[in-house]
Each structure stands twice: as structure tokens, then as C-alpha cells.
Amino acid sequence: MQLTVITVCFNAEKTIERTFKSVILQNDKDFEYLVIDGDSQDSTIEIIKKWERNFIDSGIRFNWISEEDKGLYDAMNKAAQIAQGEWLVYLNADDEFISEDAVIVAKNNLGSDIDILYGDSIFVDKNGIENKRKALSIDTIYRHLPFIPQSAFIKKDVQKEFSFNLQYQIAADYDSFLRMYLSNKTFKKVNYYFSRFYEGGISNENEWKTYKEDINIKYSNGILNKKSLMQRLKYLRRWIKCKV
């Protein structure tokens, strides 16, 4: 039961070593580590090359490529196509495993009877304040994604079947997991903090764009009627909140 940990990055010289450290410190090193770089123009490539020997010497199977892509979700789709593991987890270049036992805990809970394993996360805001984010029951996915994608382990064949839709720039992960759920894929929740996610400043414009993508995803998947009066009122209220 092989796992591939995936890091997608672009011009990530300021954060990628934090991710690398959390990966190499895993107590269970029997996994593939795949780094997909989008042709970075800063020192990211030099950092990857510097760490390559460290990963190999530690016993982790390390592979990386660097080439232009169409953005985050295109790179994540590419990773799913070339990953060697049966299971995938995306730990991108501003994320880290919280503990050294994250891989062990994940492996102990994976199995042929589930398609997606997910758990809890910690958000770190721009002031360095940590906020715990407990994962919710999967049936709340009709409202929003009940977990942070960095704390989700997905069967590779399932991820390839429900690849990220590149028309969405922010919420393609929500769309992917929602389509998995609506297709009766099996989700398993565990009470364990897998990942730490570092937030940047989220502008009102991005908040509004995220909300619009969320609405379009629900509409395209048949769980929302955008033309209903109630939804129109909610849409207007959110627009006012984001713009003021």
C-alpha cells in the first residue's frame, strides 16, 4: 500500500523548506515524495536540488520535475498522473505535517474499503496565531468542504477519475471532492491533526471570487438552484458583505 506525498510549488523559496523538513522527519519513510515545480524563477529549484540527496539518503523515494503549467490545479492533476503510490496526499509549499507520525497514522487507517481518508488541520494566520480546524461529517459537504484538502488522503485512481476542473481557480478541490461524494465514494474521518496550513492575507475580492466559484460548483453539480429567490437574496447579501 504505497503512498505518494505531493508538493506543488512555484517561486516558493520562502516556504518550501518548511514543507521539506516536515516530510523528511516522518518516522515512517516508506513512501514516494513527488515535487511538481511550475518552472520557478527564484531559488526554488536550487533548494529542491539541495534537498534531493537528503531525501534519498533518508530512505524516501524522491522524484521531481520542473516545467511550465497552467497553475496549481493543472500541476496537481499532472502529479496524480505520474505518482507511483496507490494513495495521494497534497502537501504543497506552504503546508506541513504537524507531527512526525502523520504518515504512520494515515497508513494505519487506509484500506481497500475506503476511497478518501481525512482528518483535522491547524490554520496559522498572517500574525502567526494558530487556529484548530476540526473536520466535520462528510454529509456537510453540501454546505462547504468539511475538511482541509491538505489533511486528505485519496486513492490515486479516484483522484484521476475526478480530476481538478481547471475552470475553477480557487475551489477546484471542493468541486472534485463533491463529485466524489455524489458518486458514492467512501469517506472515512479520523480524529487526528494531519496538517498545518499557513494562511496569507485573503482580500475581499478573492473572498467574493471564492464564493462565486462555490455557488457555481453547487449549481453545476445539481445541489443548488441559483434562480431561487432565497438563493438570490443570499447571493446579494454576500456581495454586499464582500464589497463593503
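Residues numbered from 1 in each chain as written. Predicted model: local features only at pLDDT ≥ 70, side-chain atom pairs only at ≥ 80, totals over all residues. Heavy atoms only, no water.

**Q** I'd like a description of the overall build of the chain, backed by residues and values.
**A** A count of helices and strands for the chain gives eight helices and nine strands. In the chain, which comprises 244 residues, the proportion classed as buried is 49%. Here the chain displays about 12100 Å² of accessible surface, and carbon together with sulfur accounts for 48% of that area. (Helix = DSSP H or I, 4+ residues; strand = E, 2+ residues; numbered from the N terminus. Buried < 20%, exposed > 50% of the residue type's maximum accessible area, 1.4 Å probe, protein only. Areas by Shrake-Rupley, 256 points an atom, 1.4 Å probe, with all protein chains shown as cover.)

**Q** Would you mind going over unusual backbone geometry in detail, with residue names and values included?
**A** The backbone of Asn11 shows a phi angle near 50°, a positive value even though the residue is not glycine. The backbone phi angle of Asn184 is positive, close to 65°, even though this residue is not glycine. Within the element layout of this structure, Asn184 appears in the loop between helix 6 (172-182) and strand 9 (187-198). Taking the relative accessible area as the measure of exposure, Asn184 reaches 68% and is therefore exposed.

**Q** Describe the environment of Asn127, and please don't skip the residues or the numbers.
**A** Mapped onto the elements, Asn127 comes out in the loop between strand 6 (116-124) and strand 7 (130-133). The sequence separation of Asn127 and Glu199 amounts to 72 residues, and the corresponding C-alpha distance is 9.4 Å.

**Q** Residues and numbers for helix 4 (residues 102-109), please.
**A** Among the eight residues in helix 4, six count as buried, and that is most of the element. Listed as buried for helix 4 are Ala102, Val103, Val105, Ala106, Lys107 and Asn109. Close packing links the buried residues of helix 4 with strand 1 (3-9), strand 5 (95-97), strand 6, strand 8 (152-155) and strand 9. (Contact = heavy atoms within 4.5 Å.)

**Q** Help me get a handle on the pairing of strand 7, residues and values and all.
**A** With four bridges connecting them, strand 6 and strand 7 associate as antiparallel partners. Bridge pairing in strand 7 places Ser121 opposite Arg133. Hairpin geometry of strand 6 and strand 7 is characterised by an intervening segment of five residues between the two adjacent antiparallel strands and by a positive phi of about 85° at Gly128. (Pairing = 2+ DSSP bridges.)

**Q** Before we move on, can you summarise the environment of Lys189 with the specific residues and values?
**A** Considering the arrangement of structural elements, one finds Lys189 in strand 9. Sequence separation between Lys189 and Ile138 is 51 residues; the distance between their C-alpha atoms is 8.0 Å. In this structure Lys189 touches Tyr118, Ala135, Leu136 and Ser137, once residues within four positions along its chain are discounted. There is a polar contact of 2.9 Å between the side chain of Lys189 and the side chain of Asn191. (Polar contact = N/O pair within 3.5 Å; in protein donor to acceptor, adjacent residues only side chain to side chain.)

**Q** So what's going on with the pattern of salt bridges? Which residues, and what values?
**A** Applying the stated criterion across every chain, the model contains 13 salt bridges. The closest approach of N and O atoms between Lys155 and Asp115, which form a salt bridge, is 3.8 Å. With Lys155 in strand 8 and Asp115 in the loop between helix 4 and strand 6, the pair connects residues that are 40 residues apart, well separated along the chain. By the burial criterion, Lys155 is buried, and Asp115 matches it. For the salt bridge of Asp214 with Lys218, the shortest nitrogen-to-oxygen distance reads 3.1 Å. A residue pair is termed a helical-turn pair when its members lie 3 or 4 positions apart in one helix, as Asp214 and Lys218 do in helix 7 (residues 204-220) at four residues. Residue Lys218 is classed as buried on the basis of its relative accessible area of 11%. Bridged by salt links that share partners, the residues Glu96, Glu130 and Arg196 form one connected network. (Salt bridge = Lys/Arg side-chain N within 4 Å of Asp/Glu carboxyl O.)

**Q** Provide a residue-level description of the packing of aromatic side chains, including the pertinent values.
**A** Under the criterion given, the structure shown has 18 aromatic pairs. Look at Tyr192 and Phe194: their rings are 4.9 Å apart centre to centre, the planes differ by 65°, and that puts the pair in the edge-to-face class. Accessibility assignment for this pair places Tyr192 and Phe194 in one class, buried. Put simply, the rings of Tyr118, Tyr142, Phe147, Phe177, Tyr181 and Phe187 pair up and form one aromatic cluster. The positively charged end of Arg18 is found above the aromatic ring belonging to Tyr198, 3.5 Å away from the centroid. The ring of Phe123 carries Arg133 above its face, with NZ or CZ at 4.5 Å from the centroid. (Phe/Tyr/Trp six-rings, centres within 6.5 Å; stacked < 30°, edge-to-face > 60°. Lys NZ or Arg CZ within 6 Å of the ring centre and 35° of its normal.)

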